[in-house]
Number of protein chains: 2
Amino acid sequence: MSTPAPAGWIDEVAFDARGLVPVVAQERSSGAVLMVAWADRAALEQTLASGFATYYSRSRSRLWRKGEESGHVQRVHEILLDCDGDTVLYLVEQEGGIACHTGRPTCFFRRLEGGRWRVLAEPA
Amino acid sequence: MSTPAPAGWIDEVAFDARGLVPVVAQERSSGAVLMVAWADRAALEQTLASGFATYYSRSRSRLWRKGEESGHVQRVHEILLDCDGDTVLYLVEQEGGIACHTGRPTCFFRRLEGGRWRVLAEPA
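In this text the structure is predicted, and so the values were computed from the model without any measurement.

Draft legend 1. Structural view of the relation of the copies chain B and chain A. Once chain B has been moved 0.0 Å along the axis and rotated by 180°, it coincides with chain A to within an RMSD of 0.0 Å. In short, the pair behaves as if placed about a two-fold rotation axis. No C-alpha of chain B approaches the rotation axis more nearly than that of B:Gly31, which lies at 2.7 Å. Both copies share a contact surface, since 100% of the interface residues of chain B are interface residues in chain A too.

Draft legend 2. Region of interest: the sheet that holds strand S8 (residues 116–119) of chain B. Strand order in the open sheet formed by six strands is S2(A)-S1(A)-S6(A)-S5(A)-S7(B)-S8(B), with mixed pairing between adjacent strands. Here the strands that pair on one side only, and so sit at the sheet edges, are strand S2 (33–39) of chain A together with S8 of chain B. Within this sheet the neighbouring strands show an average axis-to-axis angle of 35°, counted without direction. As paired elements, strand S1 (residues 21–27) of chain A and S2(A) share six bridges and run antiparallel to each other. Its bridge partner lying in S2(A), A:Val21 is registered against A:Ala39. Contacts between helix H1 (residues 41–50) of chain A and the sheet are confined to S2, strand S5 (74–81) and strand S6 (88–94) of chain A together with strand S7 (110–113) of chain B, with S5(A) contributing the most and set at about 120° to the helix.

The rules behind each value
- Residues numbered from 1 in each chain as written.
- Chains lettered and ligands numbered in written order.
- Predicted model: local features only at pLDDT ≥ 70, side-chain atom pairs only at ≥ 80, totals over all residues.
- Least-squares fit on C-alpha atoms with pLDDT ≥ 70 in both.
- Contact = placed C-beta atoms within 7 Å.
- Pairing = 2+ DSSP bridges.
- Helix = DSSP H or I, 4+ residues; strand = E, 2+ residues; numbered from the N terminus.
- Axes fitted to C-alpha atoms, helices over the stretch in contact; angles between N-to-C directions.

See below:
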């Protein structure tokens, strides 16, 4: 009979039916919420091992180290888990100050004002 | 022939196959990420109309005004949308300073340290 290995940190993460959890990336220095993406088990493990924010790209069906093409990597300083274990928070420093693929500092650049989304920032 | 109504702000939100989007609640004053939950169309509309953060409870299959039982409501100051339109950010003030159902200020109270989740805050 084999004894099960002790439950590791990853076993406390409650992945959904697709094997994914949402991940919020927050900039440690400014507190800005930069983006929300998804991670699978391997993405969380690679984030911890590499120190760089890694996600699972649903559109490309593969691991995705943020900034692998743009150079706008995210150095991960803390990994936090919520009360239900089903959401992760990366506290990061954003290389180049640009998290969004549109060239903006954060992906959340539209604010609801008077019934419309007003764009708050133009691309750098 | 009827003319379609002009697309409103809600039509720019990219709900998933279940009709939901993830919502990050961030405390405006401290910058703390408080929680992540889900919203459907009605939850977003009620949030805007009421000024109080409203979500869709997947476990109870109904709209859920945060704090409706605990009193720990969230006054919403800004509603932001990300680049892809598939994630929403509420900038809130958290009544009572307690967002988590465990009695803690934020749901993200576990930090990965040395291969374990360390609890950072005890309930108030």
